[in-house]
Amino acid sequence: MTSPDDLESQLTDLAAALDLPAPPPAEVARSVRTRLEAQPEPRARRWSPRRRRPRWQVVTTLAALVVALLVGGTPQGRAAVAEILRFAGIEIRVGGASPAPVGTPPLPGQRTVSLDEARRLVTFPIAVPAGLGEPETVWVSDGRVVSLHWRGIRLDEFDGTLGVVFRKDLGPPYPEQVQGGWWIPRHHGVTYIPRTGGETVRYDRLAGPTLIHQRGRVGLRLEGVDDLGEAQRIIRSLR
Amino acid sequence: MFLRWNHAFQKEPPTDDDEAIGRSLSGDLSAYEVLVARYSTLAHRTATMLGAGDEAEDVVQEAFIKAYRHLASFRRESPFRPWLLRIVANETHNLTRSRGRRAELSLRLGGESGPPAGDDPESVALATDRRTRLLRAVAILSEREREAVVCRYFLQLSEAETAEVLGLPLGTVKSRTSRGLARLREEVARHDLP
(Lines give C-alpha, C1' and ligand atoms only; values in the text may rest on other atoms or scores of the structure.)
Protein backbone atom coordinates (compact mmCIF):
# COMPACT_ATOMS: atom_id res chain seq x y z
CA MET A 1 0.00 0.00 0.00
CA THR A 2 2.81 2.36 0.80
CA SER A 3 5.04 1.20 -2.00
CA PRO A 4 7.27 4.02 -3.17
CA ASP A 5 5.27 5.95 -5.68
CA ASP A 6 4.85 9.33 -7.17
CA LEU A 7 2.85 10.65 -4.22
CA GLU A 8 5.69 10.10 -1.79
CA SER A 9 8.17 11.96 -3.98
CA GLN A 10 5.58 14.69 -4.56
CA LEU A 11 5.33 15.13 -0.79
CA THR A 12 9.08 15.42 -0.43
CA ASP A 13 9.08 17.87 -3.29
CA LEU A 14 6.32 19.90 -1.67
CA ALA A 15 8.24 20.15 1.61
CA ALA A 16 11.20 21.66 -0.24
CA ALA A 17 8.92 24.26 -1.82
CA LEU A 18 7.44 25.41 1.50
CA ASP A 19 8.19 28.84 2.81
CA LEU A 20 9.37 28.25 6.38
CA PRO A 21 10.95 31.33 7.84
CA ALA A 22 13.31 30.53 10.71
CA PRO A 23 15.59 32.91 12.60
CA PRO A 24 19.34 32.61 11.99
CA PRO A 25 20.65 29.56 13.96
CA ALA A 26 23.41 31.57 15.61
CA GLU A 27 20.81 34.01 16.95
CA VAL A 28 18.70 31.20 18.38
CA ALA A 29 21.80 29.67 19.98
CA ARG A 30 22.66 33.02 21.58
CA SER A 31 19.13 33.55 22.93
CA VAL A 32 19.05 30.07 24.41
CA ARG A 33 22.44 30.60 26.00
CA THR A 34 21.37 33.94 27.47
CA ARG A 35 18.30 32.34 28.97
CA LEU A 36 20.29 29.44 30.38
CA GLU A 37 22.81 31.83 31.92
CA ALA A 38 20.05 33.92 33.44
CA GLN A 39 18.55 30.88 35.09
CA PRO A 40 21.13 28.27 35.91
CA GLU A 41 20.03 24.74 36.63
CA PRO A 42 18.93 24.33 40.25
CA ARG A 43 21.17 21.30 40.64
CA ALA A 44 20.21 20.47 44.18
CA ARG A 45 16.65 19.88 43.12
CA ARG A 46 17.43 18.00 39.98
CA TRP A 47 16.16 14.71 41.37
CA SER A 48 12.88 16.15 42.49
CA PRO A 49 10.06 15.02 40.21
CA ARG A 50 8.11 18.17 41.03
CA ARG A 51 10.70 20.26 39.27
CA ARG A 52 10.20 18.34 36.08
CA ARG A 53 6.64 19.37 35.73
CA PRO A 54 6.46 22.70 33.91
CA ARG A 55 4.09 24.53 36.16
CA TRP A 56 3.21 27.23 33.69
CA GLN A 57 1.45 24.71 31.51
CA VAL A 58 -0.82 23.78 34.36
CA VAL A 59 -1.45 27.43 35.04
CA THR A 60 -2.20 28.11 31.40
CA THR A 61 -4.67 25.26 31.38
CA LEU A 62 -6.28 26.53 34.55
CA ALA A 63 -6.46 30.01 33.12
CA ALA A 64 -8.07 28.65 29.99
CA LEU A 65 -10.53 26.77 32.16
CA VAL A 66 -11.45 29.84 34.16
CA VAL A 67 -11.97 31.73 30.95
CA ALA A 68 -14.08 28.94 29.56
CA LEU A 69 -16.20 28.80 32.68
CA LEU A 70 -16.70 32.49 33.05
CA VAL A 71 -16.79 33.61 29.47
CA GLY A 72 -18.69 30.54 28.43
CA GLY A 73 -21.76 32.36 29.57
CA THR A 74 -22.90 31.81 33.11
CA PRO A 75 -25.54 34.47 33.56
CA GLN A 76 -25.66 34.03 37.32
CA GLY A 77 -23.35 36.04 39.49
CA ARG A 78 -22.92 38.88 37.03
CA ALA A 79 -23.47 41.63 39.51
CA ALA A 80 -20.89 44.37 39.85
CA VAL A 81 -18.29 42.35 38.01
CA ALA A 82 -19.57 40.69 34.90
CA GLU A 83 -16.59 38.62 33.90
CA ILE A 84 -13.26 37.64 35.32
CA LEU A 85 -10.41 36.48 33.19
CA ARG A 86 -7.17 35.18 34.63
CA PHE A 87 -4.17 34.93 32.40
CA ALA A 88 -0.45 34.92 33.04
CA GLY A 89 -0.66 36.28 36.57
CA ILE A 90 -3.19 38.94 35.64
CA GLU A 91 -6.81 39.06 36.64
CA ILE A 92 -9.09 41.15 34.48
CA ARG A 93 -12.51 42.14 35.78
CA VAL A 94 -14.88 43.43 33.19
CA GLY A 95 -18.16 45.08 34.01
CA GLY A 96 -17.53 47.34 36.95
CA ALA A 97 -16.81 51.00 36.42
CA SER A 98 -13.19 51.88 35.77
CA PRO A 99 -11.71 53.37 38.95
CA ALA A 100 -10.74 57.02 39.07
CA PRO A 101 -7.18 57.78 38.04
CA VAL A 102 -4.73 57.96 40.92
CA GLY A 103 -1.48 58.65 39.12
CA THR A 104 1.46 56.27 39.02
CA PRO A 105 2.63 55.52 42.57
CA PRO A 106 5.58 53.17 42.93
CA LEU A 107 5.11 49.47 43.53
CA PRO A 108 6.29 48.12 46.90
CA GLY A 109 10.08 48.02 47.23
CA GLN A 110 10.55 49.56 43.82
CA ARG A 111 14.10 50.50 42.93
CA THR A 112 16.12 51.34 39.86
CA VAL A 113 18.69 48.75 38.85
CA SER A 114 20.73 47.80 35.81
CA LEU A 115 19.42 45.11 33.49
CA ASP A 116 22.13 42.72 34.67
CA GLU A 117 21.27 43.34 38.31
CA ALA A 118 17.60 42.72 37.53
CA ARG A 119 18.55 39.39 35.95
CA ARG A 120 20.28 38.39 39.18
CA LEU A 121 17.42 39.56 41.38
CA VAL A 122 14.55 37.57 39.91
CA THR A 123 14.16 33.87 39.25
CA PHE A 124 12.62 34.05 35.78
CA PRO A 125 14.34 34.94 32.48
CA ILE A 126 13.98 38.61 31.51
CA ALA A 127 13.35 39.11 27.82
CA VAL A 128 14.10 42.39 26.05
CA PRO A 129 12.35 43.34 22.78
CA ALA A 130 15.04 43.60 20.11
CA GLY A 131 12.88 46.20 18.36
CA LEU A 132 13.23 48.65 21.24
CA GLY A 133 16.85 48.10 22.18
CA GLU A 134 18.26 48.43 25.68
CA PRO A 135 15.71 49.81 28.14
CA GLU A 136 16.36 53.33 29.42
CA THR A 137 15.31 52.50 32.96
CA VAL A 138 14.84 49.20 34.77
CA TRP A 139 12.94 48.75 38.02
CA VAL A 140 12.64 45.74 40.25
CA SER A 141 9.70 45.79 42.65
CA ASP A 142 8.60 43.48 45.44
CA GLY A 143 11.35 41.08 44.37
CA ARG A 144 9.20 39.72 41.57
CA VAL A 145 8.22 42.39 39.03
CA VAL A 146 10.70 43.80 36.54
CA SER A 147 9.62 46.95 34.67
CA LEU A 148 11.53 47.97 31.58
CA HIS A 149 11.05 51.51 30.30
CA TRP A 150 11.56 53.22 27.02
CA ARG A 151 10.18 56.66 26.20
CA GLY A 152 6.45 56.30 26.94
CA ILE A 153 6.54 52.52 26.84
CA ARG A 154 6.56 50.24 29.85
CA LEU A 155 7.00 46.47 29.84
CA ASP A 156 6.33 44.64 33.10
CA GLU A 157 7.65 41.09 33.42
CA PHE A 158 6.83 38.74 36.26
CA ASP A 159 6.45 35.09 37.08
CA GLY A 160 3.06 34.30 35.60
CA THR A 161 2.74 31.08 37.55
CA LEU A 162 2.50 32.49 41.05
CA GLY A 163 -1.11 33.56 41.21
CA VAL A 164 -2.47 37.02 40.58
CA VAL A 165 0.14 39.78 40.35
CA PHE A 166 -1.95 42.52 38.74
CA ARG A 167 -5.67 43.10 38.70
CA LYS A 168 -7.31 45.17 36.02
CA ASP A 169 -10.75 46.71 36.22
CA LEU A 170 -12.43 47.88 33.10
CA GLY A 171 -15.84 48.47 31.67
CA PRO A 172 -17.24 46.48 28.76
CA PRO A 173 -16.60 45.48 26.03
CA TYR A 174 -14.53 42.44 26.75
CA PRO A 175 -10.77 42.54 26.02
CA GLU A 176 -9.79 41.09 22.70
CA GLN A 177 -8.05 37.72 22.56
CA VAL A 178 -5.04 37.93 20.27
CA GLN A 179 -2.18 35.58 19.33
CA GLY A 180 -0.69 34.41 22.62
CA GLY A 181 -2.47 36.89 24.84
CA TRP A 182 -5.06 39.59 25.36
CA TRP A 183 -5.36 43.15 24.15
CA ILE A 184 -7.05 45.79 26.30
CA PRO A 185 -7.58 48.63 23.87
CA ARG A 186 -8.46 51.42 26.28
CA HIS A 187 -7.59 53.05 29.56
CA HIS A 188 -8.33 50.98 32.64
CA GLY A 189 -7.44 50.70 36.30
CA VAL A 190 -4.58 48.51 37.43
CA THR A 191 -4.12 47.17 40.92
CA TYR A 192 -0.94 45.56 42.06
CA ILE A 193 -1.44 42.68 44.49
CA PRO A 194 1.60 42.62 46.79
CA ARG A 195 3.38 39.34 47.28
CA THR A 196 2.60 39.30 50.98
CA GLY A 197 -1.10 39.34 50.15
CA GLY A 198 -3.62 41.24 52.19
CA GLU A 199 -6.52 43.31 51.02
CA THR A 200 -5.35 46.63 52.33
CA VAL A 201 -2.25 47.53 50.32
CA ARG A 202 -3.15 48.31 46.75
CA TYR A 203 -1.55 50.45 44.16
CA ASP A 204 -3.86 51.90 41.60
CA ARG A 205 -2.87 53.64 38.48
CA LEU A 206 -4.42 54.34 35.16
CA ALA A 207 -3.04 52.31 32.31
CA GLY A 208 -3.42 52.97 28.63
CA PRO A 209 -3.97 50.30 26.00
CA THR A 210 -2.17 47.20 27.17
CA LEU A 211 -1.09 43.92 25.60
CA ILE A 212 -0.91 40.97 27.97
CA HIS A 213 1.18 38.06 26.89
CA GLN A 214 2.64 34.88 28.32
CA ARG A 215 6.08 33.75 27.29
CA GLY A 216 7.01 30.45 28.90
CA ARG A 217 6.36 30.98 32.58
CA VAL A 218 6.77 34.71 32.35
CA GLY A 219 3.77 37.01 32.30
CA LEU A 220 4.18 40.25 30.38
CA ARG A 221 2.20 43.45 30.17
CA LEU A 222 3.14 46.00 27.58
CA GLU A 223 1.75 49.46 28.06
CA GLY A 224 2.13 52.68 26.13
CA VAL A 225 1.80 51.37 22.59
CA ASP A 226 -1.56 52.40 21.17
CA ASP A 227 -1.50 50.21 18.10
CA LEU A 228 -2.10 46.46 18.51
CA GLY A 229 0.02 45.51 15.48
CA GLU A 230 2.95 47.53 16.78
CA ALA A 231 2.54 46.06 20.27
CA GLN A 232 2.58 42.53 18.83
CA ARG A 233 5.66 43.31 16.79
CA ILE A 234 7.42 44.43 19.97
CA ILE A 235 6.36 41.27 21.81
CA ARG A 236 7.49 39.12 18.90
CA SER A 237 10.92 40.73 18.97
CA LEU A 238 11.51 39.62 22.60
CA ARG A 239 14.92 38.01 22.97
CA MET B 1 38.68 15.71 37.43
CA PHE B 2 41.37 16.08 34.82
CA LEU B 3 38.85 15.31 32.11
CA ARG B 4 36.53 18.01 33.33
CA TRP B 5 39.32 20.55 33.47
CA ASN B 6 40.37 19.55 30.00
CA HIS B 7 36.83 20.05 28.72
CA ALA B 8 36.44 23.43 30.24
CA PHE B 9 39.54 24.74 28.55
CA GLN B 10 39.01 23.15 25.19
CA LYS B 11 38.75 25.97 22.69
CA GLU B 12 37.89 24.10 19.53
CA PRO B 13 34.17 23.84 18.80
CA PRO B 14 32.86 20.30 19.27
CA THR B 15 32.79 18.34 16.04
CA ASP B 16 30.10 15.74 16.63
CA ASP B 17 26.91 15.57 18.67
CA ASP B 18 28.31 13.24 21.27
CA GLU B 19 31.26 15.50 22.01
CA ALA B 20 28.99 18.55 22.15
CA ILE B 21 26.65 16.73 24.53
CA GLY B 22 29.50 15.57 26.74
CA ARG B 23 30.87 19.09 27.00
CA SER B 24 27.40 20.57 27.56
CA LEU B 25 26.89 18.13 30.43
CA SER B 26 30.04 19.43 32.07
CA GLY B 27 28.59 22.94 31.89
CA ASP B 28 30.21 24.20 28.69
CA LEU B 29 27.49 26.47 27.29
CA SER B 30 29.50 27.23 24.15
CA ALA B 31 29.33 23.56 23.26
CA TYR B 32 25.57 23.62 23.77
CA GLU B 33 25.35 26.72 21.57
CA VAL B 34 26.94 24.69 18.77
CA LEU B 35 24.33 21.99 19.27
CA VAL B 36 21.48 24.53 19.26
CA ALA B 37 22.77 26.20 16.10
CA ARG B 38 23.17 22.81 14.42
CA TYR B 39 19.55 21.76 15.02
CA SER B 40 17.84 25.15 15.11
CA THR B 41 16.51 25.13 11.55
CA LEU B 42 15.26 21.56 11.76
CA ALA B 43 13.63 22.31 15.11
CA HIS B 44 11.83 25.32 13.59
CA ARG B 45 10.67 23.28 10.62
CA THR B 46 9.37 20.61 12.98
CA ALA B 47 7.53 23.05 15.25
CA THR B 48 6.00 24.95 12.32
CA MET B 49 4.98 21.81 10.47
CA LEU B 50 3.41 20.29 13.57
CA GLY B 51 1.25 23.37 14.03
CA ALA B 52 3.09 25.91 16.21
CA GLY B 53 2.47 28.63 13.61
CA ASP B 54 3.74 32.06 14.59
CA GLU B 55 4.88 30.75 17.94
CA ALA B 56 7.43 28.33 16.53
CA GLU B 57 10.27 30.54 17.77
CA ASP B 58 9.03 30.44 21.37
CA VAL B 59 8.42 26.71 21.14
CA VAL B 60 11.91 26.04 19.83
CA GLN B 61 13.65 28.14 22.48
CA GLU B 62 11.64 26.50 25.22
CA ALA B 63 12.46 23.07 23.76
CA PHE B 64 16.19 23.80 23.71
CA ILE B 65 16.05 25.04 27.31
CA LYS B 66 14.25 21.85 28.35
CA ALA B 67 16.63 19.67 26.37
CA TYR B 68 19.54 21.25 28.23
CA ARG B 69 17.88 20.72 31.59
CA HIS B 70 17.18 17.08 30.79
CA LEU B 71 20.41 16.35 28.98
CA ALA B 72 21.52 14.05 31.80
CA SER B 73 18.61 11.73 31.00
CA PHE B 74 19.60 11.46 27.33
CA ARG B 75 21.02 8.04 26.46
CA ARG B 76 24.36 8.81 24.88
CA GLU B 77 24.41 5.72 22.67
CA SER B 78 21.24 6.80 20.84
CA PRO B 79 20.95 9.61 18.27
CA PHE B 80 20.29 13.15 19.51
CA ARG B 81 18.08 14.29 16.63
CA PRO B 82 14.87 12.32 17.38
CA TRP B 83 15.31 12.87 21.13
CA LEU B 84 15.41 16.63 20.60
CA LEU B 85 12.58 16.63 18.07
CA ARG B 86 10.40 14.74 20.51
CA ILE B 87 10.79 17.61 22.98
CA VAL B 88 9.95 20.06 20.18
CA ALA B 89 6.87 17.98 19.28
CA ASN B 90 5.77 17.86 22.93
CA GLU B 91 6.21 21.60 23.34
CA THR B 92 4.18 22.14 20.18
CA HIS B 93 1.42 19.89 21.53
CA ASN B 94 1.40 21.76 24.83
CA LEU B 95 1.06 25.01 22.97
CA THR B 96 -1.76 23.92 20.71
CA ARG B 97 -3.55 22.32 23.62
CA SER B 98 -3.17 25.39 25.80
CA ARG B 99 -4.70 27.39 22.98
CA GLY B 100 -7.55 24.94 23.28
CA ARG B 101 -7.82 24.16 19.65
CA ARG B 102 -6.75 21.64 17.11
CA ALA B 103 -3.26 22.12 15.76
CA GLU B 104 -3.70 23.88 12.47
CA LEU B 105 -1.31 23.44 9.65
CA SER B 106 -0.70 26.85 8.23
CA LEU B 107 2.08 26.56 5.72
CA ARG B 108 2.77 28.61 2.66
CA LEU B 109 4.36 27.74 -0.58
CA GLY B 110 7.49 29.76 -1.19
CA GLY B 111 7.77 31.86 -4.33
CA GLU B 112 10.61 30.37 -6.28
CA SER B 113 12.26 28.38 -3.56
CA GLY B 114 11.03 24.95 -4.61
CA PRO B 115 12.91 22.56 -6.80
CA PRO B 116 12.67 23.43 -10.48
CA ALA B 117 9.37 22.13 -11.78
CA GLY B 118 10.02 22.50 -15.47
CA ASP B 119 11.24 24.99 -17.98
CA ASP B 120 8.21 26.46 -19.65
CA PRO B 121 5.84 28.72 -17.71
CA GLU B 122 2.93 26.35 -18.28
CA SER B 123 4.52 23.39 -16.54
CA VAL B 124 5.73 25.67 -13.74
CA ALA B 125 2.16 26.86 -13.20
CA LEU B 126 0.89 23.29 -13.32
CA ALA B 127 3.42 22.13 -10.74
CA THR B 128 2.55 25.04 -8.44
CA ASP B 129 -1.11 24.19 -8.79
CA ARG B 130 -0.47 20.53 -7.99
CA ARG B 131 1.61 21.46 -4.94
CA THR B 132 -1.07 23.82 -3.68
CA ARG B 133 -3.70 21.10 -3.94
CA LEU B 134 -1.48 18.55 -2.24
CA LEU B 135 -0.69 20.98 0.59
CA ARG B 136 -4.39 21.60 1.09
CA ALA B 137 -5.01 17.85 1.17
CA VAL B 138 -2.30 17.40 3.83
CA ALA B 139 -3.79 20.24 5.87
CA ILE B 140 -7.21 18.58 6.04
CA LEU B 141 -5.90 15.17 7.11
CA SER B 142 -6.77 14.16 10.66
CA GLU B 143 -4.17 15.37 13.14
CA ARG B 144 -2.85 11.83 13.75
CA GLU B 145 -2.38 10.99 10.10
CA ARG B 146 -1.02 14.41 9.29
CA GLU B 147 1.64 14.23 11.99
CA ALA B 148 2.85 10.89 10.67
CA VAL B 149 2.91 12.11 7.05
CA VAL B 150 4.64 15.36 8.04
CA CYS B 151 7.37 13.52 9.96
CA ARG B 152 7.93 10.92 7.29
CA TYR B 153 7.85 13.02 4.12
CA PHE B 154 8.13 16.71 5.05
CA LEU B 155 10.81 16.21 7.69
CA GLN B 156 12.11 13.03 6.05
CA LEU B 157 12.46 11.11 9.28
CA SER B 158 12.67 7.32 9.26
CA GLU B 159 9.77 5.28 10.63
CA ALA B 160 11.76 4.60 13.79
CA GLU B 161 12.58 8.28 14.26
CA THR B 162 8.95 9.23 13.64
CA ALA B 163 7.88 6.73 16.28
CA GLU B 164 10.26 8.28 18.79
CA VAL B 165 9.36 11.89 17.94
CA LEU B 166 5.62 11.27 18.18
CA GLY B 167 5.95 8.85 21.11
CA LEU B 168 4.12 6.08 19.23
CA PRO B 169 4.75 2.38 18.60
CA LEU B 170 6.33 1.65 15.23
CA GLY B 171 3.23 -0.21 14.02
CA THR B 172 1.04 2.80 14.73
CA VAL B 173 3.35 5.04 12.71
CA LYS B 174 3.17 2.60 9.80
CA SER B 175 -0.61 2.37 9.85
CA ARG B 176 -1.17 6.10 10.27
CA THR B 177 1.25 6.87 7.48
CA SER B 178 -0.38 4.46 5.08
CA ARG B 179 -3.89 5.63 5.98
CA GLY B 180 -2.73 9.22 5.48
CA LEU B 181 -1.19 8.42 2.10
CA ALA B 182 -4.34 6.58 1.01
CA ARG B 183 -6.47 9.58 1.93
CA LEU B 184 -4.14 11.95 0.12
CA ARG B 185 -4.29 9.75 -2.95
CA GLU B 186 -8.10 9.85 -2.87
CA GLU B 187 -8.14 13.59 -2.38
CA VAL B 188 -5.68 14.26 -5.19
CA ALA B 189 -7.44 11.84 -7.56
CA ARG B 190 -10.77 13.54 -6.86
CA HIS B 191 -9.38 16.85 -8.10
CA ASP B 192 -7.59 15.33 -11.05
CA LEU B 193 -10.89 14.26 -12.56
CA PRO B 194 -12.02 16.55 -15.34
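Just so you know, these numbers come straight off a predicted model, no measurement behind them. (Residues numbered from 1 in each chain as written. Chains lettered and ligands numbered in written order. Predicted model: local features only at pLDDT ≥ 70, side-chain atom pairs only at ≥ 80, totals over all residues.)

Asker: Explain the overall build of chain A here, please?
Answerer: Along chain A, the regular secondary structure elements total six helices and 14 strands. Counting only residues that meet the buried cut, chain A has 33% of its 239 residues in that class. Taking as baseline every contact in chain A between residues at least 6 positions apart, the subset at least 24 positions apart corresponds to 59%. (Helix = DSSP H or I, 4+ residues; strand = E, 2+ residues; numbered from the N terminus. Buried ≥ 20, exposed ≤ 12 C-beta atoms within 10 Å, placed from the backbone. Contact = placed C-beta atoms within 7 Å.)

Asker: Explain helix H2 (residues 25–38) of chain A to me, please; I cannot follow it from the model alone.
Answerer: Since one α-helical turn is 3.6 residues long, residues separated by three or four positions face the same way. Given a rise of 1.5 Å per residue, 14 residues ought to cover 20 Å, and the 20 Å separating the end C-alpha atoms of H2(A) matches this to within 8%. Among the residues making up H2(A), those that are buried are Val28(A), Ala29(A), Ser31(A), Val32(A), Arg35(A) and Leu36(A). Mapping the buried residues of H2(A) onto a view down its axis gives an arc of 165°, with all of them on the same face. Looking at H2(A), the residues exposed on the side facing more than 90 degrees away from the buried face are Ala26(A) and Glu37(A). If you follow the buried residues of H2(A), they end up packed against helix H3 (29–52) and helix H4 (56–69) of chain B. (Expected span 1.5 Å × (residues − 1). Arc of directions from axis to C-beta.)

Asker: It is not clear to me how the interface of chain B and chain A should be interpreted in this structure. Could you clarify?
Answerer: Many analyses report the size of an interface as the accessible area lost when the parts associate. Counting residues at the interface gives 43 residues for chain B and 36 residues for chain A. Breaking the side of chain B that touches chain A down by element, the ones donating at least two residues are H3, H4, helix H5 (80–98), strand S1 (108–109), helix H6 (121–139), helix H7 (143–154) and helix H9 (170–192) of chain B.

Asker: Can you walk me through the nonpolar core in this structure?
Answerer: Soluble globular proteins: nonpolar side chains tend toward being buried together. Within the largest apolar cluster, 52 residues are counted, with the highest numbers of intra-cluster contacts made by Val60(B) and Val88(B). Ranked by residues supplied to this core, first place goes to H3(B) with 11 residues. Residues lining this core come from more than one domain, with at least three contributed by each of domain 1 (2–98) and domain 2 (121–192) of chain B. Sequence-distant contacts of Val60(B), defined by excluding residues within four places in its chain, comprise Val28(A), Ser40(B), Ala43(B), His44(B), Ala47(B) and Val88(B). Counting 35 residues, the second largest nonpolar core, distinct from the first, contains Phe87(A), Ala88(A), Phe124(A) and Val140(A). (Core = buried A, V, L, I, M, F, W, Y, C linked by C-beta atoms within 7 Å. Domains from an automatic or database assignment.)

Asker: What is the right way to read the sheet that holds strand S10 (residues 181–184) of chain A from this model?
Answerer: Remark on secondary structure: sheet strands pair via backbone hydrogen bonds, oriented parallel or antiparallel. Residues and elements named next belong to chain A. In space, the eight strands of this open sheet follow the order S4-S5-S6-S7-S14-S13-S10-S9, with antiparallel pairing throughout. The open sheet terminates on both sides in strands that have one partner only, identified here as strand S4 (111–113) and strand S9 (176–178). With direction set aside, neighbouring strand axes in the sheet form an average angle of 25°. Where strand S5 (residues 137–141) lies against strand S6 (residues 145–150), five bridges are found, and the strand directions are antiparallel. Considered in S6, the bridge of Val-140 is made with Val-146. (Pairing = 2+ DSSP bridges. Axes fitted to C-alpha atoms, helices over the stretch in contact; angles between N-to-C directions.)

Asker: Explanation requested: the pairing of strand S14 (residues 218–223) of chain A in the structure shown.
Answerer: Two faces make up the sheet, and in a regular strand the side chains alternate between them. All names here are of chain A. Counting buried positions over the six residues of S14 gives six, a clear majority of the element. Pairing of strand S7 (residues 153–159) with S14, which is carried by six bridges, proceeds in the antiparallel orientation. Bridge pairing in S14 links Asp-156 to Arg-221. As consecutive antiparallel partners, strand S13 (residues 210–215) and S14 are separated by two residues, and within that stretch Gly-216 has a phi angle of approximately 60°, a positive value.

Asker: So what exactly am I meant to see when it comes to the packing of H3(B) against H4(B) here?
Answerer: Each pair of packed helices gets described by two things: the angle between the helix axes and the distance between those axes. Residues and elements named next belong to chain B. Across the interface, H3 lies against H4 with an axial gap of 9 Å and an inter-helix angle of 130°. In terms of their interaxial angle, H3 and H4 are classed as oblique. Our pair here, H3 against H4, has a crossing hand that is right-handed. Packed against H3, whose contacting residues are Tyr-32, Val-36, Ser-40, Ala-43, His-44, Ala-47, Thr-48 and Ala-52, the element H4 presents Ala-56, Val-59, Val-60, Ala-63, Phe-64 and Tyr-68 at the interface. Residues belonging to the contact of H3 with H4 are distributed by class as follows: 11 nonpolar, three polar and no charged. (Parallel < 35°, antiparallel > 145°, perpendicular 65-115°, else oblique. Left-handed = near helix turned anticlockwise from the far one by under 90°. Nonpolar A, V, L, I, M, F, W, Y, C, P; charged D, E, K, R; others polar.)

Asker: I keep staring at helix H2 (residues 17–25) of chain B and nothing clicks. Help me out?
Answerer: All names here are of chain B. Every buried residue of H2 is listed here: Ala-20, Arg-23 and Ser-24. The arc enclosing the buried residues of H2, seen along the axis, measures out at 105°, which places them on a common side. Phi for Gly-27, located one or two positions after H2, is positive at around 95°.

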